[in-house]
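Understanding the architecture of this molecule
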Amino acid sequence: MIYTLTLNPALDYQIYVEDYKPGQVNRAGYEKILPGGKGLNVATVLHHLGIETMALGFLAGFTGAAVASMIQQEGIPQDFIMLPKGNTRINIKLHTTEETEINGTGAVIDQGSMNLLYEKLDQMQQGDTLVLAGSIPSSLPDTIYCDIMKRYQDRGVNFAVDASRELLKNALAYHPFFIKPNHHELGELFGVKLYRFAEVVKYARKLQEWGARNILVSMAEKGAVLIDEEGEVYQQGAFRGKVISSTGAGDSMLAGFLAAYEKTKNPVQGLYLGIAAGCATAFSENLAPKEQIAELYKKLIQSE
């Protein structure tokens, strides 16, 4: 079972404007509202790939009720906790010649609700995977991911972390099975900008020295670099195609890796399925359709 934890989910309000002009009235070409948050995106793509999963986290208010309804319609197994106050945030994703995002802050998570979450996490068993992904609301400390890992480190649970800055850095002390920063997030940890594969490998190895086991660094249109826990380096370029939206592409890559590893225990197959899932999302209006993932994955396997 793969559990995903989304501490700060959202309603993603995606707007497409062909010729955006700042300071003027703009008309949307089309728009859509989707449930968002890294962990929830991962759970959605895992569900598309037929992997047993359970989405956990917190929802609040009328926006949280809307997210819950959308998850239910998708058929994604979930056990979210409804917070007593506040509203789940709304994130604005503006797609035009450049992509712009305005992300909300999120609801306050009280201690009673955290205790309920721990009761649900207590169900995890040896061999399960827990995905800790995305930002956290300001009511939680930036040690929350490593606090959770510390609590369950003796359960035999595999931890997968997709976060940035201190959230990721703090988690490395508990030797996560898998982390997936993008090259910008990796560079931020060391105060550098990374453009080339060799640079990414150099700094990704430092994260391995700090405790990470398998590291997958996404590099947008350049593809990704994988360093497995044996220290082997693998590189795979992305597919070329018309990018409709990059929102959720990195989350889809994470889901693809975990899905393949769940079935094969082969990190290279994880890299391939991760690339296929990430590109499938980028080329689609929604998160990684199963048929498109399969088509792209087949092309990668045939090109070996």
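Residues numbered from 1 in each chain as written. Predicted model: local features only at pLDDT ≥ 70, side-chain atom pairs only at ≥ 80, totals over all residues. Heavy atoms only, no water.

The nonpolar side chains of a soluble globular protein tend to be buried with one another. Of all hydrophobic cores here, the largest spans 47 residues; its most connected members are L130 and I144. Residues in contact with I144, not counting those within four places in the same chain, are L7, M114, Y118, I136 and L167. V45, A280, L287 and L296 belong to the second-largest nonpolar core, a separate cluster that totals 38 residues. (Core = buried A, V, L, I, M, F, W, Y, C linked by side-chain atoms within 4.5 Å. Buried < 20%, exposed > 50% of the residue type's maximum accessible area, 1.4 Å probe, protein only. Contact = heavy atoms within 4.5 Å.)

Once that is clear, we can look at the pairing of strand β6 (residues 89-95). Among the seven residues in β6, five count as buried, and that is most of the element. Bridge analysis of strand β2 (residues 10-16) against β6 gives seven bridges, and the strand direction is parallel. In the sheet register, D12 faces β6, and the bridge partner there is N91. Note that β6 and strand β7 (residues 99-102) share four bridges and pair antiparallel. Of the residues in β7, the one forming a bridge with H95 is E99. Where β6 folds back onto β7 in an antiparallel hairpin, the turn is made up of three residues. (Helix = DSSP H or I, 4+ residues; strand = E, 2+ residues; numbered from the N terminus. Pairing = 2+ DSSP bridges.)

Bringing the packing of helix α1 (residues 38-48) against helix α8 (residues 249-264) into the picture now. Interhelical geometry of α1 versus α8 gives an angle of 50° and a closest axis separation of 8 Å. Considering the angle they form, α1 stands oblique to α8. Of the two elements, α1 crosses α8, and the hand of that crossing is right-handed. On α8, the residues that touch K38, N41, V42, V45 and L46 of α1 are D251, S252, L254, A255 and A259. (Axes fitted to C-alpha atoms, helices over the stretch in contact; angles between N-to-C directions. Parallel < 35°, antiparallel > 145°, perpendicular 65-115°, else oblique. Left-handed = near helix turned anticlockwise from the far one by under 90°.)

Taken together, the four strands give an open sheet; going across it, the order is β3-β2-β6-β7, and neighbouring strands pair in mixed fashion. Of all strands in the sheet, those bounded by a partner on one side alone are β3 (30-36) and β7. Ignoring strand direction, the axes of neighbouring strands in this sheet form an average angle of 20°. Pairing of β2 with β3 involves seven bridges; the strand directions are antiparallel. Considered in β3, the bridge of A10 is made with G36. Against the sheet, helix α2 (residues 61-74) engages β2, β3 and β6, with an angle of about 80° to β2.

The space that makes up the second largest pocket amounts to roughly 330 Å³. Taken together, 24 residues form the lining of the second largest pocket, with L34, P35, T44, N286 and L287 sitting closest to its centre. At the level of secondary structure, the elements contributing two or more residues to the lining of the second largest pocket comprise β2, β3, α1 and α2. The residue makeup of the lining of the second largest pocket, split by class, is 10 nonpolar, 10 polar and four charged. (1 Å grid on protein atoms, 1.4 Å probe; cavity = no way out; pocket = protein on both sides within 12 Å on 5 of 7 lines; lining within 4 Å. Points joined across faces, edges and corners; volume = space filled by probe spheres on them. Nonpolar A, V, L, I, M, F, W, Y, C, P; charged D, E, K, R; others polar.)

To continue, consider the sheet that holds strand β4 (residues 53-59). Spatially, the nine strands line up as an open sheet ordered β5-β4-β1-β8-β9-β10-β11-β12-β13, and their pairing is mixed. Because the sheet does not close on itself, it has two edges, and the strands there are β5 (81-82) and β13 (233-236). Pairing geometry for strand β1 (residues 2-6) and β4, over five bridges, is parallel. Residue pairing for β4: T6 is matched across the bridge by G57. Lying on the sheet, α1 is in contact with β1, β4, β8 (129-133) and β9 (158-162); it crosses β1 at an angle near 150°.

For T53, the location among the structural elements is in strand β4. Judged by relative accessible area, T53 falls into the buried class, the value being 3%. Ignoring sequence-local partners within four residues, the contact set of T53 consists of M1, I2, T4, A43, L46, H47 and P77.

Read these as layout, nothing more, since geometry by itself doesn't imply function.
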